[in-house]
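Read off the chains here:
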Amino acid sequence: MHSDIVTSSAEPKITPTLTATQYYEQAQQFIQLLEMEDLDRKLTAQPQIATEFEKAIATAIEAAYSQGSSDDAAHLFLQRVLYRINRLKLFWYDDLRRYTNERSPYLSQIRDRIEEVWQQWELRQFDLAAFQGIDIRQALLDRVAVDLEPPLSDDARYFRDRVGEAGYRRLLAIASLDGLVEASQLSRTLGGVANEVHSVLTRLLVEEYGGGRLARKHSSHFTTMLEALGMQTQPEAYFDLVPWEILAIINHSFLLTERKRYFLRYIGGLLYGELSVPAGFRSYRAAGKRLGLSANAMSYWDLHIKVDELHGRWMLDDVALPLISQYPDDAWEMVLGYDQQKFLSDRAGAAVARSVREAEQMG
């Protein structure tokens, strides 16, 4: 999927654009399509009902992913569309009629159309040839050694030393999109043949889900944090605040867990995610303490600081390293998955910090 940049003497292509408001309107139109009874049959009879939406998709793909162009409004629109499709793979205990199109060929076609170009764009950040032929074991060990205790970034210092309650609330609002359904994508990998690796991943999911006890489920701790600050606790309550960079991480995880061919990339990304969380969350916990918040308003951070270092060791010693010998020709994909997850996480972290600073400025 990786390709070199090709230069041309042709006239530079003018990238079409829509306003953020126009993209938002088309995203709302898409929600109506999602819940339309007999969507595919109606589209066959009346294709014009999706014409403006499909024009917006084409415009956004060009504006977001063409060389030399990166329109944030286009990115946000595309990632919101992907998220709306991907979330149908989870059960939300809501109106059953909302799932009427969960296997719609039209929705699959829209998802594939966006994913193909988006993933090519994401992979252009990496030299894929450089991953092949490396010492996989040493590459993973070296990365883990660095990311367990990384140097404190400027954004981490900002959270630790300066963020106020308005910024802290914005942080929780954004993080709630994933925090309230934590580990949902991991559940998509657990069917199939049992073995030691499968058993470790199952144990990890069981811990994330509190051993089947709702009060101990990790997402319940996030609910507790929101309640302590008088914030809304229903999933997706703050969806409109979520930057596209966060949505991209969620959609990336859906893609890797739904495509078994990408299993090794997912494992590399999960390894980074589990082992890097404690370092990242310490700044959030320090912010809560400095603001004088209750223990409940920091419980999710505390829990993950305690358990995710252990989970990181499980992922390295009992999942990633054993898979090297099982897939010697493809194990480099774990290193790619690790590096890509780190890249996506750093990009998302910067976007969250920008949003938090904006919240602070607004008071």
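Up top you'll find the structure we're talking about.
Our subject in this report is the structure included herewith. (Residues numbered from 1 in each chain as written. Predicted model: local features only at pLDDT ≥ 70, side-chain atom pairs only at ≥ 80, totals over all residues. Heavy atoms only, no water.)

## Section: the pattern of salt bridges
Our working rule: Here a salt bridge means any side-chain nitrogen of Lys or Arg lying within 4 Å of a carboxyl oxygen belonging to Asp or Glu. Buried, partly exposed and exposed residues are distinguished by accessible area as a fraction of the type maximum, computed with a 1.4 Å probe on protein chains only: under 20%, between the cut-offs, and over 50%, respectively.
Following the criterion strictly, the structure yields 22 salt bridges and no others. Arg 160 serves as the salt-bridge partner of Asp 161, at 2.7 Å between the closest nitrogen and oxygen. Residue Asp 161 is classed as partly exposed on the basis of its relative accessible area, which comes to 39%. Salt bridges here are not isolated pairs; linked through shared partners, they connect Glu 35, Asp 94 and Arg 98.

## Some thoughts on a nonpolar patch on the surface
We apply this condition: Residues qualify for a patch when their relative accessible area is over 30% and they have no salt bridge, like charges being joined within 9 Å and the nonpolar side chains of Val, Leu, Ile, Met, Phe, Trp and Tyr within 5 Å. Here the accessible surface of atoms and residues is derived via Shrake-Rupley with a 1.4 Å probe, and residues count as covered only by protein chains that are part of the display. Each helix is a run of DSSP H or I of at least 4 residues and each strand a run of E of at least 2, with the numbering of both proceeding from the N terminus.
Taken together, Phe 91, Tyr 93 and Leu 96 make up a surface patch of nonpolar side chains, about 420 Å² in accessible area. Within the element layout of this structure, Tyr 93 appears in the loop between α4 (72-86) and α5 (105-123). On the basis of relative accessible area, Tyr 93 is assigned to the exposed category, the value being 73%.

## Focus: the packing of aromatic side chains
For clarity, the threshold we go by: Note on aromatic contacts: the rings of Phe and Tyr and the six-membered ring of Trp form a pair at centre separations within 6.5 Å, being stacked when their planes are under 30 degrees apart, edge-to-face when over 60 apart, and tilted otherwise.
Applying the stated criterion to the full structure yields 20 aromatic pairs. Measuring from ring centre to ring centre gives 5.7 Å for Phe 281 and Tyr 284, while their planes differ by 35°; the resulting arrangement is tilted. Here Phe 281 pairs with Tyr 284, and both are found in helix α12 (residues 263-290), just 3 residues apart, close to one helical turn. A relative accessible area of 18% means that Tyr 284 is categorised as buried. Between Phe 281 and Trp 301 the ring centres are 4.8 Å apart and the planes differ by 70°, which places this aromatic pair in the edge-to-face class. Linking Phe 281 in helix α12 with Trp 301 in helix α13 (residues 299-326), this pair joins segments that are 20 residues apart in sequence. The residues Phe 281 and Trp 301 share a single accessibility class, namely buried.

## Observations concerning the environment of Ile 134
For clarity, the threshold we go by: Note on contacts: a residue pair qualifies if any of its non-hydrogen atoms lie within 4.5 Å across the two residues.
Mapped onto the secondary structure, Ile 134 falls in the loop between α5 and α6 (136-148). Separated by 97 residues in sequence, Ile 134 and Met 231 have C-alpha atoms that sit 48 Å apart. The residues contacting Ile 134, other than those within four sequence positions of it, are Ala 139 and Val 335.

## Focus: the nonpolar core
Which entries qualify depends on this criterion: Only buried Ala, Val, Leu, Ile, Met, Phe, Trp, Tyr and Cys residues count toward a nonpolar core, and they belong to the same one when joined by side-chain atoms within 4.5 Å.
Within the largest apolar cluster, 75 residues are counted, with the highest numbers of intra-cluster contacts made by Phe 53, Phe 77, Leu 78, Val 81, Tyr 168, Leu 172 and Trp 301. If near-sequence neighbours (up to four positions away) are discounted, Tyr 168 is found in contact with Val 163, Met 225, Leu 229, Tyr 284, Ala 287, Gly 288, Leu 291, Leu 293, Ala 297, Met 298 and Trp 301. Formed by 40 residues, the second largest nonpolar core is a distinct cluster that contains Val 144, Leu 201, Ile 267 and Leu 270.

## Brief notes about helix α9 (residues 196-208)
We count it as follows: Under the convention used throughout, the expected extent of a helix is 1.5 Å for every residue step, that is, one less than its residue count. By arc we mean the arc of the directions from the helix axis to the C-beta atoms, nothing more. Here a polar contact means two N or O atoms within 3.5 Å. Within protein one must be a hydrogen donor candidate and the other an acceptor candidate, and residues neighboring in sequence count only if both atoms are side-chain atoms.
Between the first and last C-alpha of α9 there are 19 Å, a value that for 13 residues agrees with the 18 Å anticipated at 1.5 Å per step. Buried within α9 we find Val 197, His 198, Val 200, Leu 201, Leu 204, Leu 205 and Glu 208. Here the buried residues of α9 occupy an arc of 165° about the axis, which is enough to place them on one side. Between the side-chain oxygen at the start of α9 and the backbone nitrogen of Val 197 there is a gap of 3.1 Å, and the oxygen is on Asn 195. Remark: Gly 210 follows α9 within two positions and exhibits a positive phi of approximately 65°.

## Brief notes about the environment of Arg 259
Within the secondary structure, Arg 259 sits in the loop between α11 (244-258) and α12. Separated by 90 residues in sequence, Arg 259 and Gly 349 place their C-alpha atoms 26 Å apart.

## Some remarks on unusual backbone geometry
Positioned with a positive phi, Tyr 93 is a non-glycine residue whose angle comes to about 55°. Even without a glycine there, the phi angle at Glu 236 is positive, about 70°. Inspection of the secondary structure puts Glu 236 in the loop between α10 (218-228) and α11.

## A short note on helix α3 (residues 51-65)
Count 3.6 residues to each turn of an α-helix, and residues three or four apart come out pointing the same way. The end-to-end C-alpha distance of α3 is 21 Å, a good match for the 21 Å that 15 residues give at a rise of 1.5 Å each. Those residues of α3 not exposed but buried are Phe 53, Ala 56, Ile 57, Thr 59, Ala 60, Ile 61, Ala 63, Ala 64 and Tyr 65. Tucked into the core, α3 has its buried residues touching α1 (20-34), α4 and α5.

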